[in-house]
Amino acid sequence: MRRLQRSHKNTMRARPLSPHLSIYRMSRYSLLSSITNRITGVILSIGLLVLVYWLMAVASSNRDYLRAHEILSSGFFKLIYAGLLIAFCYHLAAGIRHLVWDTGHGLERAQAQRSTWFVVTATVVLALVFGYCLFLSAGHAS
Amino acid sequence: MKSLRSPLGTVVGLGSAKSGVHHWWVQRLTSIALVPLTIWFAVSLASLPALDHVTVIAWMAQSWTALLLVLLVLVATYHSQLGVRVVVEDYVHNTGLRTVTLVALTFLHAFLAVAGVFAILKVAFGGAS
């Protein structure tokens, strides 16, 4: 430690600049869309419970599957699927944007604002497409 | 960009004292893997003619389906565990409660991963009828 202090001047000379995290303020758009990404992530974690319950039902006897299928196709669960679908589409679109942000691109205020609208649009489009395929076109309503 | 490493760090060469960017990195890695896996799952499920037991078992018993489902369950539970952990660390301020919540969530995720993989393999190896 003493030795470190002695060479203080030497080591401090070429220090990198801090990223100024303490004064960096996220824009309203990136803040709101980022927290929504967290919330949809937690919702999807709850969806994992449904997925594993269904998988275990598939692996069990025919009678057990019928009972689980009955529970899983109730109106209450259809509401849950709609929520999960929207959460999934949002988390997918926003997650990809987070990956782009990680590369250091699109962080300017105007860009973040634009991409937020892109994420919202992508969510709506994806949810409509998947929703149509999963709920309406195939005979999955039963 | 200049190296973020101090001259002392360069000489000693020990790297981070703790896990460094491991959590951040694995979170990204799993998220990239989940993009094709989840889309495959949604499309594959949507293209099934019905969701009765016989159809679902025939679908799940296919090698590629079983393989991708196992990957999906493992990567999704890992990704979920990493994400939920950060949420708890950020919002639960009471240390005791936070630790208990994290332990419970870790156990839950381990349980979900093992149960999911077990169920898929059981069907894939013809154990369900």
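Our subject is the structure listed above.
Here we summarise the structure given alongside this text. Bear in mind the structure is a predicted one, so any value in this text is a computation, not a measurement.

Another point: the overall build of chain A. Looking only at helices and strands, chain A has 6 helices and 0 strands in total. Along the chain direction, N to C, the helices and strands of chain A fall in the order α-α-α-α-α-α. Taking all 142 residues of chain A together, 21% fall into the buried category. The long-range share in chain A, meaning contacts at least 24 apart out of those at least 6 apart in sequence, stands at 75%.

One finds Leu55(A), Val58(A), Met60(B), Ile120(B) and Val123(B) to be the most contacted residues of the largest nonpolar core, which totals 23 residues. Going through the elements one at a time, helix H3 (28-59) of chain A together with helix H3 (53-60), helix H4 (63-91) and helix H5 (95-124) of chain B are the ones with two or more residues in this core. If we ignore the near neighbours within four places in the chain, the residues touching Met60(B) are Val58(A), Thr65(B), Ala66(B), Leu69(B), Ile120(B), Val123(B) and Ala124(B). One finds Leu44(A), Phe88(A), Cys89(A) and Leu92(A) within the second-largest nonpolar core, a separate group that totals 10 residues.

A few words on the packing of H3(A) against H4(B). Relative orientation of the contacting elements H3(A) and H4(B) amounts to 135°, with a least axis distance of 10 Å. In terms of axis orientation, H3(A) runs oblique to H4(B). In the crossing of H3(A) with H4(B), the sense of the turn from one axis to the other is left-handed. On the side of H3(A), the interface is formed by Arg38(A), Gly41(A), Val42(A), Ser45(A) and Leu48(A), while H4(B) contributes Ala76(B), Thr77(B), Ser80(B), Gly83(B), Val84(B) and Val87(B).

With 37 residues of chain B in contact, the opposing surface of chain A contributes 28 residues. When contributions to the side of chain B that touches chain A are tallied by element, the ones reaching two or more residues are helix H1 (7-12), helix H2 (22-46), H3, H4 and H5 of chain B. For the side of chain B that touches chain A, the leading source of residues is H2(B), giving 8 residues. Residue composition of the side of chain B that touches chain A, by class: 24 nonpolar, 10 polar and 3 charged.

Now for the environment of Val86(B). All names here are of chain B. Within the secondary structure, Val86 sits in helix H4. Given 14 C-beta atoms within a 10 Å radius, Val86 is considered partly exposed. In this structure, the C-alpha to C-alpha distance between Val86 and Lys18, residues 68 residues apart in sequence, is 17 Å.

Glancing now at H3(B). Helical periodicity: at 3.6 residues per turn, an α-helix aligns residues three or four positions apart in one direction. For H3(B), the complete set of buried residues consists of His53(B), Val56(B) and Met60(B). Down the axis of H3(B), the buried side of the element spans an arc of 70°, and every buried residue falls inside it. Residues of H3(B) that are exposed and angled more than 90 degrees away from the buried face: Val54(B), Thr55(B) and Ala58(B). Close packing links the buried residues of H3(B) with H3 and helix H4 (62-72) of chain A together with H4 and H5 of chain B.

Our focus in this paragraph is the environment of Ala66(B). All names here are of chain B. Topologically, Ala66 is positioned in helix H4. Using a count of 18 C-beta atoms within 10 Å as the deciding quantity, one classes Ala66 as partly exposed. Once the C-alpha coordinates of Ala66 and Leu121 are considered, the two residues, 55 residues apart in sequence, prove to be 7.0 Å apart. When neighbours within four sequence positions are excluded, Ala66 is seen to be in contact with Met60, Ala61, Ile120 and Ala124.

Residues and elements named next belong to chain A. Given a rise of 1.5 Å per residue, 28 residues ought to cover 40 Å, and the 40 Å separating the end C-alpha atoms of helix H5 (residues 75-102) matches this to within 8%. Listed in full, the buried residues belonging to H5 are Leu85, Ala87, Phe88, Cys89, Tyr90, His91, Leu92, Ala93, Ala94, Gly95 and Arg97. Two residues or fewer after H5 comes Gly104, characterised by a positive phi angle close to 90°.

Cut-off values and rules
- Residues numbered from 1 in each chain as written.
- Chains lettered and ligands numbered in written order.
- Predicted model: local features only at pLDDT ≥ 70, side-chain atom pairs only at ≥ 80, totals over all residues.
- Helix = DSSP H or I, 4+ residues; strand = E, 2+ residues; numbered from the N terminus.
- Buried ≥ 20, exposed ≤ 12 C-beta atoms within 10 Å, placed from the backbone.
- Contact = placed C-beta atoms within 7 Å.
- Core = buried A, V, L, I, M, F, W, Y, C linked by C-beta atoms within 7 Å.
- Axes fitted to C-alpha atoms, helices over the stretch in contact; angles between N-to-C directions.
- Parallel < 35°, antiparallel > 145°, perpendicular 65-115°, else oblique.
- Left-handed = near helix turned anticlockwise from the far one by under 90°.
- Nonpolar A, V, L, I, M, F, W, Y, C, P; charged D, E, K, R; others polar.
- Arc of directions from axis to C-beta.
- Expected span 1.5 Å × (residues − 1).

This is a description of form; function is not addressed.
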